[in-house]
Structure formats: structure tokens, C-alpha cells
Amino acid sequence: MAVKDGVGHRQRQAEATKDQIARAARALFAEHGYAATTIAAIAREADIPVQTVYSALGSKARILERITGQWMAESQTVALAEAYLSEPDPREQLRLLAALNRRQLDAGSDVVAIYQEAARAEPRMAETLRQVLAAREREIRKLVEAVVARRRTGPTVDEALDITLTLTLPEVYRTLVVERGWSPSRYETWLAETLAAQLLPWQGGEGPTS
């Protein structure tokens, strides 16, 4: 039992060290940019030896992956995504998607900006960002397909996906919340209502008019 406890303690220490590195790097990436931030600077900010940073995470790309994991946990992405996919009411599904999008951007709009800057600086990070966006699109498509399947008319799956991806862009959040002064709750309400108006425009009523 003592050996197992020792292993568990070391694992917890290792995970805590990775989290400490990620928090320090996130602050530096946001302030100075991904490209301009060095591993040495991250080590100083985290108060951890440079070699420990390399042995724990290895590279800035791996550190950004750790930051992303922290962000997803903080915004409860997995739980909220499971909730909207299992919800039978399409209008409520869209409300839950709006809540998830708001939580993600409240917690991590800086992470989005870091990815965008990193993609401009390094081809490898540009490919990573493409993969992240592709994964996001696949998850949103699952919801859109469920919503479209439950209503009689309106946009096709591809049209509904285009609308949803556009409305949930980080740039829309930044424009309304950061630049225009909307509260996050107002943004969430607007997003939910706009998604419903666009994706469920004729549910249970008259057809579209020209």
C-alpha cells in the first residue's frame, strides 16, 4: 500500500507541475504572444527549472495542449455537449449549445487568440488549429443533424451547420461582449434565440414566405 501511495503521490505532483507550467505559459502567451514566448520565460514565470519544463511537457505545442485541457475542464465542455446531444427538445438543444459556447468563450477567449496567433507564426500550429476547428465542426454537426431530423422544414443540414458555425464564432462573441459591452448572459440569450429563429423558423407553423 505504501508503494502504491508513493506512486500516486508522484503522479499527482507531476500533474500539478504540468498545470503550473500551463498556467504560467497561458499568461505569457496572452501578454507577449505564442511566438515571442520562450520555454525559458515560461520556466521563470512558473518558478520551475527549464529542464523540468522540457521533461514535463516538452514543447510549447504540448504546453498549449495542456492549456486547452484546462480550458475544456473549466468550461465543462464534455458534460454540456453530452447534455445537448441527449436533449429531446430541439429548442432546448440550441439553448444548451448557446450556454456551452458562452462558457467556453468566457473561460477561454484568450486561448482562442493564442491558437490564432500561433497558427500565423508556425505552419505546424496552423495545422493543429485546422484539426481543432475540424473536430469542433464534427461535434456541432452531430447537434445540427439531430435538430434538423426533428423538424419538418427549414434549412438543410449543411445550411444549418453553416449558420451555427458562423453565429458561434469567437469573433462574434468578442464583438458583442468585449467591444460592444454586452453582458455574457445577454450574448447567451441572443445566441440561443437567434439559433432557434434560424434553424427552427417554420417548426409547427406556416411555411416560409418569399
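Residues numbered from 1 in each chain as written. Predicted model: local features only at pLDDT ≥ 70, side-chain atom pairs only at ≥ 80, totals over all residues. Heavy atoms only, no water.

1. A look at unusual backbone geometry
The phi angle at Asp47 is positive, at roughly 60°, despite the residue not being glycine. Summarising the element assignment, Asp47 is placed in the loop between helix H2 (39-46) and helix H3 (50-56). On the basis of relative accessibility, which here comes to 70%, the residue Asp47 falls in the exposed class. (Helix = DSSP H or I, 4+ residues; strand = E, 2+ residues; numbered from the N terminus. Buried < 20%, exposed > 50% of the residue type's maximum accessible area, 1.4 Å probe, protein only.)

2. Here's the deal with the packing of helix H6 (residues 90-121) against helix H10 (residues 184-199)
Two quantities define a packed helix pair, namely the angle between the axes and the distance from one axis to the other. The interhelical angle for the contact between H6 and H10, taken along N-to-C directions, is 145°, at an axis separation of 8 Å. Where H6 crosses over H10, the two elements pack in a sense that is right-handed. Residues Arg91, Leu94, Arg95, Leu97, Ala98, Ala99, Asn101, Arg102, Leu105 and Asp106 of H6 form the contact with H10, whose participating residues are Pro184, Ser185, Tyr187, Glu188, Leu191, Ala192, Leu195, Ala196 and Leu199. (Axes fitted to C-alpha atoms, helices over the stretch in contact; angles between N-to-C directions. Left-handed = near helix turned anticlockwise from the far one by under 90°. Contact = heavy atoms within 4.5 Å.)

3. A few points about the UniProt feature "DNA-binding region" (unreviewed entry) in the chain
Residues annotated in UniProt with the feature "DNA-binding region" (unreviewed entry) correspond here to residues 38-57. With 75% helix and 0% strand, the stretch residues 38-57 has end C-alpha atoms that lie 14 Å from each other. (UniProt positions renumbered as here; feature names shortened; annotations may be inferred.)

4. Remarks on the pattern of salt bridges
Under the criterion given, the structure shown has eleven salt bridges. A salt bridge links Arg102 to Asp106, with the shortest nitrogen-to-oxygen separation between them at 2.5 Å. Remark: Asp106 and Arg102 occur in helix H6; sequence separation between them is four residues, near one turn of the helix. The class for Asp106 is partly exposed, based on a relative accessible area of 35%. Glu139 is the salt-bridge partner of Lys142, the closest N and O atoms lying 3.0 Å from each other. Of the two residues, Lys142 and Glu139 are both situated in helix H7 (residues 123-149); the distance of three residues between them amounts to about one turn of the helix. Counted as one network, the salt bridges with shared partners bring together Glu15, Lys18, Asp19 and Arg66. (Salt bridge = Lys/Arg side-chain N within 4 Å of Asp/Glu carboxyl O.)

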